[in-house]
Amino acid sequence: MAQVEKRGGLLRKSSASKKPLKEKVVLMYDEIFMTEDPSKCSPRFWEELFLMKVNLEYLEGKLESLDGEELMKIKDNINCLFQHCIQALGEEHPIRVVNALQTSCSLARASHIKSKISSMCNIYIMVLVFGKKEKKKNLMESLDSLLCAEGSESLKSLCLKLLLCLVTVTDNISQNTILEYVMINSIFEAILQILSHPPSRREHGYDAVVLLALLVNYRKYESVNPYIVKLSIVDDEATLNGMGLVIAQALSEYNRQYKDKEEEHQSGFFSALTNMSWLYLGTDAVKHRTVRFKLITNEAILLALYEAVHLNRNFITVLAQSHPEIGLVTTPVSPAPTTPATPLGTTPPSSDVISSVELPLDADVQTSNLLITFLKYSSIVMQDTKDEHRLHSGKLCLIILTCIAEDQYANAFLHDDNMNFRVNLHRMPMRHRKKAADKNLPCRPLVCAVLDLMVEFIVTHMMKEFPMDLYVRCIQVVHKLLCYQKKCRVRLHYTWRELWSALINLLKFLMSNETVLLAKHNIFTLALMIVNLFNMFITYGDTFLPTPSSYDELYYEIIRMHQSFDNLYSMVLRLSTNAGQWKEAASKVTHALVNIR
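Residues numbered from 1 in each chain as written. Predicted model: local features only at pLDDT ≥ 70, side-chain atom pairs only at ≥ 80, totals over all residues. Heavy atoms only, no water.

As recorded in an unreviewed UniProt entry, the chain goes by Armadillo like helical domain containing 3 and comes from Otolemur garnettii. Listed under Subcellular location (unreviewed entry) in UniProt, the entry text for the chain is "Membrane". (UniProt positions renumbered as here; feature names shortened; annotations may be inferred.)

Participant: Is there a simple way to explain the side chain of Thr543 in this structure?
Facilitator: Within the element layout of this structure, Thr543 appears in helix H27 (residues 523-544). Judged by its relative accessible area of 8%, Thr543 is buried. A polar side-chain atom of Thr543 sits 2.6 Å from the main-chain carbonyl oxygen of Tyr540. (Helix = DSSP H or I, 4+ residues; strand = E, 2+ residues; numbered from the N terminus. Buried < 20%, exposed > 50% of the residue type's maximum accessible area, 1.4 Å probe, protein only. Polar contact = N/O pair within 3.5 Å; in protein donor to acceptor, adjacent residues only side chain to side chain.)

Participant: Would you mind showing me how to read the pattern of salt bridges here?
Facilitator: Opposite charge on two side chains permits pairing when their charged atoms draw close. Tallying each qualifying case throughout the model produces 19 salt bridges. Between Lys24 and Glu48 there is a salt bridge, with its nearest N and O atoms 3.7 Å apart. With Lys24 in helix H2 (residues 24-32) and Glu48 in helix H3 (residues 45-49), this pair connects stretches of sequence that are 24 residues apart. Residue classification places Lys24 among the partly exposed positions, given a relative accessible area of 46%. The salt bridge involving Lys220 is made with Glu307; its shortest N-O contact spans 2.8 Å. Taken together, the residues span a long stretch of sequence, with Lys220 in the loop between helix H13 (198-216) and helix H14 (226-232) and Glu307 in helix H18 (residues 299-311) at a distance of 87 residues. (Salt bridge = Lys/Arg side-chain N within 4 Å of Asp/Glu carboxyl O.)

Participant: Just checking my understanding: could you explain the environment of Asn312 for this structure?
Facilitator: Positionally, Asn312 belongs in the loop between H18 and helix H19 (316-320). Judged by its relative accessible area of 1%, Asn312 is buried. Sequence separation between Asn312 and Leu240 is 72 residues, and the spatial gap between their C-alpha atoms is 9.5 Å. Those residues in contact with Asn312 that lie beyond four places of it in its chain are Leu231, Ser232, Ile233, Val234, Leu240 and Glu307. Here Val234 takes part through its backbone oxygen, which lies 2.9 Å from a polar atom of the side chain of Asn312. (Contact = heavy atoms within 4.5 Å.)

Participant: It is not clear to me how unusual backbone geometry should be interpreted in this structure. Could you clarify?
Facilitator: Phi is mostly negative for residues that are not glycine, and the peptide bonds are mostly trans. Within the chain, Arg219 stands out as a residue other than glycine whose phi angle is a positive 45°. Checked against the element boundaries, Arg219 lands in the loop between H13 and H14.

Participant: I keep staring at the packing of aromatic side chains and nothing clicks. Help me out?
Facilitator: Inspection of every chain in the model, using the stated rule, returns 16 aromatic pairs. Ring centres of Tyr29 and Tyr58 lie 6.4 Å apart, and the angle between their planes is 15°; on these two criteria the pair is classed as stacked. In this pair, Tyr29 is assigned in helix H2 and Tyr58 in helix H4 (residues 56-65), connecting sequence segments 29 residues apart. The same class applies to Tyr29 and to Tyr58, which are both buried. (Phe/Tyr/Trp six-rings, centres within 6.5 Å; stacked < 30°, edge-to-face > 60°.)

Participant: In this structure, what is going on with the packing of H2 against H4? I would like to understand it.
Facilitator: To characterise two packed helices, one gives the angle between the axes of the helices and the distance between these axes. At a minimum axis distance of 10 Å, the contact between H2 and H4 shows a crossing angle of 20°. With respect to each other, H2 and H4 are oriented roughly parallel. Between H2 and H4 lies a crossing whose hand is right-handed. Contact with H2, carried on its side by Val26, Tyr29 and Asp30, involves Tyr58, Leu59 and Lys62 of H4 and no other residues of that element. Classifying every residue of the contact of H2 with H4 gives four nonpolar, no polar and two charged. (Axes fitted to C-alpha atoms, helices over the stretch in contact; angles between N-to-C directions. Parallel < 35°, antiparallel > 145°, perpendicular 65-115°, else oblique. Left-handed = near helix turned anticlockwise from the far one by under 90°. Nonpolar A, V, L, I, M, F, W, Y, C, P; charged D, E, K, R; others polar.)

Encoded structure:
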């Protein structure tokens, strides 16, 4: 109870004989929330304020309790508080700088909460948009100099937290007018410096990468974004490797947590009894258990990976760089100053593990790279797309894979026979198949793991809530890989029968659920893509199938499943001859089936 009172600024409760005793900084906050200028009675008010330890909880709570009218009444005082925060950032006294940064973060966080209630309550928009341009410029220059200086790492951490708070102060980043000043007064070089310098990267790499990803997305389709241009031409090896290492570590952390959870739920005799008890309790209990087993996906780091792969061709080389499998070693870390919670609801990995030295080897996979880590992450995220959050994560994973499959250099190392890896993808538990033993996995080119991931997705997501967009992107990835193999005459030793079987089963699913699916999706687009894949195998298979017997297996599979293709032809012929909504789309499938029939 005493702790709660202290957080609220009370050092002593009121009684019959004594008045309540508050912290001095809380009394100063109360003066700011009055309509009069607090510096009138105390000329040294602002100087003393930033020498006091910030009470984040009280300040944010006070701001959140005010409505729009009350905020407008104290607008001048809030503006003065912000201006003096900026002024304090340029001083040499580190305590004043830290307190100014924390106060600014508190304002930004409270602004985000208030803006959800009413746009009139957006404190930071009110202060920054209607404030003086020179102050905004000074803010960005001060933050940039603090990030580039060789000073305290805790100060740099607070600077990045403040920038993240500023960037995420609105739900839609393109509506955040504050970022106009971040575009004009660039901090891009400061971010690159952090990523290229190992000690700084270990401490701040995660925040720097997330911040860069967010800045790149500011009005990227509406105007010229300088961060997009600058990121696209980065060619410094240390910087790109640093970015790749941060991304790989964040994804590895998620993979490790998932593996630990999986082993925890599947280990021993008691787990079997637990599974039986959950089933006995019914569907709702099983769903509850499933929710508990899920981990929060990291869209921020996925977005950073997408922008790096999409914008910078030099980053493609980082995907293929082999290194020991990243393990997580928990060692004590120095306590950081009290700061607002990490934006976006994601927790960065420990700074100690974002390092390329003394990385432990995995028992099963001796070498790894960023692409392998990403494939493992994708295999986890794409298992359950019923949850909208994971659906978006799965879509972003497939978009990244599409970018990789389109790149000539990426395809070169994907198909390189001299670069073989053992990739242990996570597979959805199903009754009709046993879990593959990790140690029996063969070493193969990385393209085999990509194809395995696509086949796994095709097989495991045929359901009523059909993820049409994800299936289209999945087939596109397969098509782009086959185009490269055909063009370069790469004869990949892969179990193609699994892919053919998965595609045929998908066609059967589309036909058996025609009525339900047509009410929501144009299934003929997907059917046409599948038929074109088979046409590609039939017409050009002699250029990329590994052996003549593979060609025989293809024809055997088509003849064995001829009834499925006949049924598909009957369905599209029926719809193409009727003057309906799907006439044109169905007729395209009809023409494409000629080669198979």
